[in-house]
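What follows is the residue order along each chain.
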Amino acid sequence: MAVIVDPDIPLEFVLPEDRKKPKKDQTVFRLKPLTGREFAKLAGSLALAQENPEKIYDLLRVTLIGWDGLKNSSGSEVEYTSDAVDLLPIDIASVLADAAIKLAGLTPEEAGN
């Protein structure tokens, strides 16, 4: 049976290293599933992500729509904005990009990562 993505129903994603922590100490990222058209628009950029990691942030600006519990180095909660996406360390951004790709129904290899 074919199943389509519903971009109006975000997925909550917790980083693997946070999953062992109590829920109150986890950072929860909300990812919007990409439609087929949105993914197709970004696919070329994703194939270049290994050579140009900036492309990962292009993907996240489309698919990352919020977070809870993300803190800065002084322990203050960071409010979500599309500009704040650029503040994410590349290792976290890469994990989130892989999750977004999986939501689109492709493996990272199929997406060129």
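Residues numbered from 1 in each chain as written. Predicted model: local features only at pLDDT ≥ 70, side-chain atom pairs only at ≥ 80, totals over all residues. Heavy atoms only, no water.

A.B. asks: Would you mind showing me how to read the overall build of the chain here?
C.D. replies: The helix and strand inventory of the chain stands at three helices and three strands. Counting over 113 residues, the chain shows a buried share of 33%. The contacts in the chain between residues at least 6 apart in sequence include a share of 59% that link residues at least 24 apart. (Helix = DSSP H or I, 4+ residues; strand = E, 2+ residues; numbered from the N terminus. Buried < 20%, exposed > 50% of the residue type's maximum accessible area, 1.4 Å probe, protein only. Contact = heavy atoms within 4.5 Å.)

A.B. asks: How do you make sense of the sheet that holds strand β1 (residues 11-14) when you look at a structure like this?
C.D. replies: Across a sheet, strands are paired by hydrogen bonds formed along the backbone, either parallel or antiparallel in direction. Spatial strand order, β1-β2-β3: three strands in an open sheet with antiparallel pairing. This sheet does not close on itself; its edge strands, each paired only once, are β1 and β3 (64-68). When the angles between neighbouring strand axes are averaged without regard to direction, this sheet yields 30°. Relative to strand β2 (residues 28-31), β1 is paired through four bridges, and the arrangement is antiparallel. Opposite Val 14, over in β2, you have Val 28 as the bridge partner. Lying over the sheet, helix α2 (residues 54-63) contacts β2 and β3, oriented at roughly 80° with respect to β3. Strands β1, β2 and β3 of the sheet are contacted by helix α3 (residues 90-103), whose axis makes an angle of about 40° with β2. (Pairing = 2+ DSSP bridges. Axes fitted to C-alpha atoms, helices over the stretch in contact; angles between N-to-C directions.)

A.B. asks: I would appreciate a short explanation of the confidence of the model for the chain in the present structure.
C.D. replies: On average, residues of the chain score 83 in pLDDT, and 81% of them reach the 70 mark or higher. With pLDDT under 50 throughout, residues 106-113 is counted as low confidence; its partners more than four residues away or in other chains account for 20 contacts. (pLDDT = per-residue confidence, 0-100.)

A.B. asks: Help me out: how do you make sense of the pattern of salt bridges in this one?
C.D. replies: Where charged atoms of side chains with opposite charge meet at close range, the side chains can pair. Taken as a whole, this structure holds six salt bridges when the rule is applied. Lys 21 is the salt-bridge partner of Asp 18, the closest N and O atoms lying 2.9 Å from each other. Note that Asp 83 is salt-bridged to Arg 61, the shortest N-O span being 3.2 Å. Here Arg 61 lies in helix α2 and Asp 83 lies in the loop between β3 and α3, a separation of 22 residues in the sequence. (Salt bridge = Lys/Arg side-chain N within 4 Å of Asp/Glu carboxyl O.)

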